[in-house]
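Inside the fold
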Amino acid sequence: MNDLKALIIFLSQYDLTNSKMRQIIDSLGDKPSIKTFKKTNLVKNKVLTDVAYNKMLAGADETMVKTFVTNQANRGINITTIDDEDFPEKLKDIDDAPLILYYMGDLNLASSPSLSVVGTRKPTSYGKVVTEKLTRDVASAGIVIVSGLAYGIDSISHRKCLEVGGKTIAVLGGGFDHIYPVEHQSLAMEIAEKGLLLSEYRPKRSATKYTFPIRNRIIAALGDGVLITEATVKSGTIHTKDFALDYGKNIYAVPGNIDSLNSELTNEIIKRG
């Protein structure tokens, strides 16, 4: 394990934002490592508070990182960082690219032709039908389906993909020890076995209302296009749509009834072209 990888894994244990991790690494000079972290006064540089820095110093140990990696591997959880050869190319150049990914399953799927499918957590019967049909057809054509394991459109797309023998990627908003929603624990494990389950958060990190929108940038980046089947204009789906536009992805929107709140966003996207 090289010095930078060990440092990134170490930093990921403290639930720092991705940008804060980058700021720390940039403050450590040409050869960032756990050793340089311990030698650099990040409080004086105003990168970390005194309390945070002293807490992290107590755990800044290369041996502890190696033990952590071994323990995760024994659980079937693998770790890749942004400088590793197997880190997904689709994620390397996006704004705020994740520095680390924890994953279970086939990481090669992250480099395969893919479609991200997202939408409301409370779809109508129409939304369910069109999501199942489109996901089935796309997955049957060998395209990987990417989504976020949430209620509604996400879980429908994952399940339909698996049902037809397709490959799917689920991007979590928290760590593997806190699958959300808990009702999708078995679905998550099936995806880990037959597809790819991944997260930028350490296994013990719980999902929050802040981590889900951030997670959506990864869903947008992994898909070669983004399909929105049903969503309101206040849906979290709008974050995925905005990220996808920033990344130059094609957006596919399913038209719906003009009186349906669940078709507000898709109809608006179509209206705007």
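Predicted, not measured: the structure shown is a model, and the values here were computed from it. (Residues numbered from 1 in each chain as written. Predicted model: local features only at pLDDT ≥ 70, side-chain atom pairs only at ≥ 80, totals over all residues. Heavy atoms only, no water.)

Broken down by element type, the chain carries 12 helices and 8 strands. Whereas a compact globule of 273 residues would reach a radius of gyration of roughly 19 Å, the chain reaches 20 Å, a difference of no more than 12%. Across its three principal directions, the C-alpha atoms of the chain cover 60 × 35 × 30 Å. By the burial criterion, 52% of the 273 residues in the chain qualify as buried. Across the chain, the fraction of contacts at a sequence separation of at least 24, relative to all contacts at a separation of at least 6, is 70%. Of the roughly 13000 Å² of accessible surface on the chain, a fraction of 51% belongs to carbon and sulfur atoms. (Helix = DSSP H or I, 4+ residues; strand = E, 2+ residues; numbered from the N terminus. Rg over C-alpha atoms; globule rule 2.2 N^0.38 Å. Buried < 20%, exposed > 50% of the residue type's maximum accessible area, 1.4 Å probe, protein only. Contact = heavy atoms within 4.5 Å. Areas by Shrake-Rupley, 256 points an atom, 1.4 Å probe, with all protein chains shown as cover.)

So, on to the packing of helix H7 (residues 125–140) against helix H8 (residues 153–163). Relative to each other, H7 and H8 sit at 40 degrees, their axes nearing to 9 Å. One finds that H7 runs oblique with respect to H8. At the point where H7 passes H8, the crossing takes the right-handed sense. Between H7 and H8, the residues in contact are Gly-127, Lys-128, Thr-131, Glu-132, Thr-135, Arg-136 and Ala-139 and Ile-153, Ile-156, Ser-157, Lys-160 and Cys-161, respectively. (Axes fitted to C-alpha atoms, helices over the stretch in contact; angles between N-to-C directions. Parallel < 35°, antiparallel > 145°, perpendicular 65-115°, else oblique. Left-handed = near helix turned anticlockwise from the far one by under 90°.)

So, about the pairing of strand E2 (residues 100–105). By the criterion of burial, E2 is predominantly enclosed, with 5 of the 6 residues buried. Direction of pairing for strand E1 (residues 78–81) relative to E2: antiparallel, over a ladder of 4 bridges. From the neighbouring strand, Thr-80 faces E2, where its bridge partner is Leu-101. Note: E2 against strand E6 (residues 196–199), 4 bridges, orientation antiparallel. Note that in E6 the partner of Tyr-102 across the bridge is Ser-199. (Pairing = 2+ DSSP bridges.)

Further remarks concern the sheet that holds E1. Strands sit in the order E1-E2-E6-E5-E4-E3-E7-E8 across an open sheet of 8 strands; the sheet is mixed. Every interior strand has two partners, whereas the edge strands, E1 and strand E8 (250–253), have only one. Averaged over neighbouring strand pairs, the angle between their axes works out to 25 degrees when direction is ignored. Where strand E5 (residues 168–171) lies against E6, 3 bridges are found, and the strand directions are parallel.

Looking now at unusual backbone geometry. Here the residue pair Tyr-180 and Pro-181 is connected by a cis peptide bond, since its omega of -5 degrees sits within 30 degrees of zero. Along the polypeptide, Pro-181 turns up in the loop between E5 and helix H9 (185–194). With a phi angle near 60 degrees, Lys-46 is a residue other than glycine that sits in the positive phi range. Along the chain, Lys-46 turns up in the loop between helix H3 (34–39) and helix H4 (50–58). If you check the backbone angles, Leu-149 has positive phi at about 65 degrees while not being a glycine. Summarising the element assignment, Leu-149 is placed in the loop between strand E4 (144–147) and H8. A relative accessible area of 0% places Leu-149 in the buried class.

Attention now moves to the packing of helix H1 (residues 3–12) against helix H5 (residues 62–74). The interhelical angle for the contact between H1 and H5, taken along N-to-C directions, is 75 degrees, at an axis separation of 10 Å. Between H1 and H5, the interaxial angle falls into the category roughly perpendicular. Contacts from Ala-6, Ile-9 and Phe-10 in H1 reach Val-65, Phe-68 and Val-69 in H5. The class makeup of the residues in the contact of H1 with H5 is 6 nonpolar, no polar and no charged. (Nonpolar A, V, L, I, M, F, W, Y, C, P; charged D, E, K, R; others polar.)

Glancing now at helix H2 (residues 18–26). Among the residues of H2, Asn-18, Met-21, Ile-24 and Ile-25 are the ones counted as buried. Take H2 and look down its axis: the buried residues cluster within an arc of 120 degrees, on one side only. (Arc of directions from axis to C-beta.)

Let us now look at the side chain of Ser-263. If you trace the backbone, Ser-263 turns up in the loop between E8 and helix H12 (264–272). With near-sequence residues (within four places) excluded, Ser-263 lies in contact with Glu-230, Ala-231, Gly-256 and Asn-257.

All right, on to the nonpolar core then. Among the nonpolar cores identified, the biggest contains 68 residues, and Leu-11 and Phe-37 are the most heavily contacted of them. Every residue in contact with Leu-11, bar those within four places of it in the chain, is listed here: Leu-16, Met-21, Ile-24, Ile-25, Phe-37 and Met-56. (Core = buried A, V, L, I, M, F, W, Y, C linked by side-chain atoms within 4.5 Å.)

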